[in-house]
Amino acid sequence: MLQRILLGPQLPTPNLATAIDTAHIPDGPIAVITAAWQEAEADTEELQQQLQRPIVSLDLYQRAEAIFADDEKLRTAYRARQDQLQELQQLYRTRLRQSMIAARKMRRIEGSSPLLAIERQHATEQLRDLDAHHSSRIQAIFDEYAHEIIESSSALLKQHRDEIENAMAGCSTVLITGGNVLVLLNRLQLFEMQSHLASRHLVAWSAGAMVLSDTIVLYHDRTPLGRRDPEVLGPGLGIIPNLIFLPDAKKRLQDKDRARVGIFSDRFAPGDCITLNNGSLFHFDEKNVHRVENAHRLSSEGDIQELHTT
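Within each chain, residue numbers correspond to sequence positions counted from 1 in written order. The predicted nature of this model means local features are confined to residues of pLDDT at least 70 and side-chain atom pairs, given and counted, to a pLDDT of 80 or more, with totals for whole chains, interfaces and linings taken over all residues. Only heavy atoms go into the side-chain values, all of them from the structure, while hydrogens and water stay out.

**Some remarks on the pairing of strand S10 (residues 289–298)**
What counts here: A pair of strands is labelled paired if DSSP reports no fewer than 2 bridges between them. Per the convention used, a helix needs a DSSP run of H or I reaching at least four residues, while a strand needs a run of E reaching at least two, with both numbered from the N terminus.
Judged from the seven bridges that link them, strand S9 (residues 272–284) and S10 form a sheet pairing that is antiparallel. Counterpart to Phe282 in the pairing with S10 is Val292. Counting the residues in the hairpin turn of S9 and S10 gives four residues. Joining the antiparallel neighbours S10 and strand S11 (residues 304–306) is a turn of five residues, in which Gly302 adopts a positive phi near 95 degrees.

If you want it as structure tokens, here you go:
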């Protein structure tokens, strides 16, 4: 059985080593993806000390930077795609703001009449429709540029993909760290990592957990500029479907605001929104949940419910 271990942020108290030891991950080298750290990608000494196992750093960020520096045609196509995605995200965010205001107002109206229930449900359905539309537009941009990027792909990109495959050959487990989720996702896609990851034991924290889902959701209720509505960044790798991971929820989520929590849960149903804080552990395989610590799910009623091993 392939093991899946999802963790929250590793500061201030890391639980990475304990999680791997108690899960009985097979001995041997662990492939490490730290691309979300960007320029700090190579700073893996602390990871090595925690794991006490050989690690194979895949260096996806550095590899991508080397390829873009060498191949202007690929760099231009990739940049054009990212510019379109950024513009689309801003347009979506503008539309989302008004839909979220309406949904929250519906949720906060007191009463339980059938008329109110229908309007609340429809307000949530409008959010789902907008999210689905946004996801389809993202996929259309991916599809539009897929052929161009493939045609632009240099021999150097193929060389790096081959080197990554060879480096992973002796690794039955992959560790994906937290950091910048967009950078991480882009590098995983560039090097076509989905099949490599799907066939191995996976340990991931924060952004690393987010990219394994089929939908990546950004959220922050406590930014210096005020609340930020949860927004779909786009599709993840889909290795762990129907679970949306919310790292650092204690700092980012206003969990006492039942209206916001309830809308969050309903909006992404039937998927479950799972919080991952420092000290969280969610360990399962294809059939069973083995261990859960300090992990919770958002409920339709606006509660934060503790997860348990079943």
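There is more to say after this.
**With respect to helix H7 (residues 181–190)**
Defined as follows: Buried, partly exposed and exposed residues are distinguished by accessible area as a fraction of the type maximum, computed with a 1.4 Å probe on protein chains only: under 20%, between the cut-offs, and over 50%, respectively.
H7 sits mainly inside the fold: eight of its ten residues count as buried. Residues Val181, Val183, Leu184, Leu185, Asn186, Arg187, Leu188 and Leu190 constitute the buried set of H7. Looking one or two places after H7, you find Glu192, whose phi comes out positive at around 50 degrees.

**Overview of the pattern of salt bridges**
Selection criterion: By definition, a salt bridge exists where a carboxyl oxygen of Asp or Glu is found within 4 Å of a side-chain nitrogen of Lys or Arg.
Scanning the entire structure with this criterion turns up 16 salt bridges. Two residues, Arg187 and Glu65, come together in a salt bridge whose shortest N-O distance is 3.1 Å. Here the residue Arg187 occupies a position in helix H7, and Glu65 occupies one in helix H3 (residues 60–70), the gap between them amounting to 122 residues. Two residues, Arg104 and Asp229, come together in a salt bridge whose shortest N-O distance is 3.0 Å. Here Arg104 is found in helix H4 (residues 72–108), whereas its partner Asp229 is found in strand S7 (residues 226–234), with 125 residues between them in sequence. Beyond isolated ion pairs, a larger network of salt bridges with shared partners links Arg104, Asp221, Asp229 and Arg260.

**Concerning the packing of aromatic side chains**
Let me state the cut-off plainly: For Phe, Tyr and Trp, where Trp contributes only its six-membered ring, two rings pair if their centres lie within 6.5 Å, and the inter-plane angle classes them as stacked under 30 degrees, edge-to-face over 60, or tilted in between.
Tallied over the entire structure, the rule returns four aromatic pairs. Taking 4.9 Å as the distance between ring centres and 35 degrees as the angle between the ring planes, the aromatic pair formed by Phe68 and Tyr78 counts as tilted. With Phe68 in helix H3 and Tyr78 in helix H4, this pair connects stretches of sequence that are ten residues apart. For Phe68, a relative accessible area of 10% gives the class buried. Pairing Phe282 with Phe284 gives two aromatic rings, centres 5.0 Å apart and planes at 45 degrees, and the pair type is tilted. The residues Phe282 and Phe284 share a single accessibility class, namely buried. Through successive ring pairs, a cluster of aromatic residues spans Tyr219, Phe264 and Phe268.

**Brief notes about unusual backbone geometry**
Omega for the bond connecting Leu11 with Pro12 falls within 30 degrees of zero, at 10 degrees, which places this linkage in the cis form. At Ser206, a residue that is not glycine, the phi angle is positive and equals roughly 50 degrees. Note that Ser206 resides in the loop between strand S5 (201–205) and helix H9 (207–210). Residue Ser206 is classed as buried on the basis of its relative accessible area of 9%. Residues other than glycine seldom take positive phi values, yet Asn294 does so here, at roughly 55 degrees. The class of Asn294 is partly exposed, set by a relative accessible area of 26%.

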